[in-house]
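Here's the letter readout for the chains.
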Amino acid sequence: MVAAVPWLLMKVLRIPFAEALHHFIGDKTEQRRQWRAFSPSAQVPALANGGETVWDSLAIAEYLAERHPQVWPQDAAARAWARCAAAEMHSGFPVLRTVCNFTLQAAEPPCDTLGLQRELARLDALWNEGLERFGGGFLAGGGFCAADAFYAPVVLRLRCYGLAGRLNGAVRAIRRTHFRPARAATMDFRRPGRNPKRKIRLICLKTKEAI
Ligand SMILES: N[C@@H](CCC(=O)N[C@@H](CS)C(=O)NCC(=O)O)C(=O)O
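Residues numbered from 1 in each chain as written. Predicted model: local features only at pLDDT ≥ 70, side-chain atom pairs only at ≥ 80, totals over all residues.

K.L.:
Looking at this model, I keep getting lost on the overall build of the protein chain. Mind explaining?
P.N.:
Within the protein chain one finds eight helices and four strands. Going residue by residue from the N terminus, the α and β elements of the protein chain occur as α-β-α-β-β-α-α-α-α-α-α-β. Evaluated residue by residue, the protein chain yields a buried proportion of 33% over its 211 residues. In the protein chain, of all internal contacts separated by at least 6 residues, the share reaching a separation of at least 24 is 72%. (Helix = DSSP H or I, 4+ residues; strand = E, 2+ residues; numbered from the N terminus. Buried ≥ 20, exposed ≤ 12 C-beta atoms within 10 Å, placed from the backbone. Contact = placed C-beta atoms within 7 Å.)

Encoded structure:
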């Protein structure tokens with residue numbers, strides 16, 4: 001899921017970049033050896049720009065924001081909220097991450113544990129708060145920002161695992177603004193354009209299924 005976040009952000013905001021796709025390898029030791037060549041943590045995503053490497057999705061968002069201010073909302077309060085929301089997704093929601101592997105196909109709903117209920121309730125509260133407080137249709141106002149990129153894969157997961165109905169009104173609004181760009185961009189991921197002349201290169205991975 002996380003590998004898709006900066007990719008989606010750059011696609012939706014039309015920040016030019018070239019992609020390098022890497023397949024998962026069954027032998028994880030070998031994968032780590034190979035991936036360390038482009039990512040110090042041996043994880044994706046990583047972003048290469050000139051001599052610099054940025055190897056974490058939240059760090060990539062901040063790095064991009066230094067050059068492309070539209071990565072975060074212009075309004076300071078919305079920007080603070082959007083940063084918190086993105087960070088919460090980045091480091092939280094362990095149950096959703098574990099029980100809902102990323103897929104684009106319809107999948108069996110996971111076991112309804114207390115942990116899952118708590119995380120769905122938190123998503124609902126967070127999305128409702130953003131929609132009501134900033135009133136722009138996206139999470140933190142009228143434009144797609146990094147917070148939206150962090151939550152777009154979650155919208156896809158909720159839909160695929162039949163969990164969208166478990167959230168109240170927010171998910172309907174979020175689906176309108178997030179599902180389409182996320183799905184369109186994710187489909188596009190299957191047909192990556194390669195332009196090695198571009199200065200910024202995002203190193204992502206390719207699984208059998210698009211991520
Ligand atoms: N902190 C990283 C975590 C990245 C991460 O978990 N990447 C996964 C793919 S989505 C990965 O590279 N996994 C390698 C593996 O599991 O073999 C970020 O958010 O960018």
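Once you've had a look at it, read on.
K.L.:
Teacher, can you tell me more about the nonpolar core here?
P.N.:
The tendency in soluble globular proteins is for nonpolar side chains to be buried side by side. In this structure, Leu-9, Ala-82, Cys-145, Ala-146 and Ala-147 are the most contacted members of the largest nonpolar core, which totals 47 residues. Among the elements of the structure, helix H1 (4-12), strand S2 (46-49), helix H3 (57-67), helix H4 (76-91), helix H6 (114-134), helix H7 (146-160) and strand S4 (200-206) are those that each provide at least two residues to this core. Looking at this core, the element that brings in the most residues is H7, giving 10 residues. (Core = buried A, V, L, I, M, F, W, Y, C linked by C-beta atoms within 7 Å.)

K.L.:
Any chance you could explain H4 here in plain terms?
P.N.:
Since one α-helical turn is 3.6 residues long, residues separated by three or four positions face the same way. Helix length check: H4 (16 residues) gives 23 Å between terminal C-alpha atoms against 22 Å at 1.5 Å per residue, within 8%. If you check which residues of H4 are buried, you get Ala-78, Arg-79, Trp-81, Ala-82, Arg-83, Ala-85, Ala-86 and Met-89. Against the buried residues of H4 lie H3, H6 and H7. Phi for Phe-93, located one or two positions after H4, is positive at around 55°. (Expected span 1.5 Å × (residues − 1).)

K.L.:
Sorry, what's going on with the environment of Met-89 here?
P.N.:
Tracing the backbone shows Met-89 in helix H4. Spatially, the C-alpha atom of Met-89 lies 7.1 Å from that of Tyr-151, the residues being 62 residues apart in sequence. With near-sequence residues (within four places) excluded, Met-89 lies in contact with Phe-150 and Tyr-151.

Purely spatial values, then, with no claim about function.
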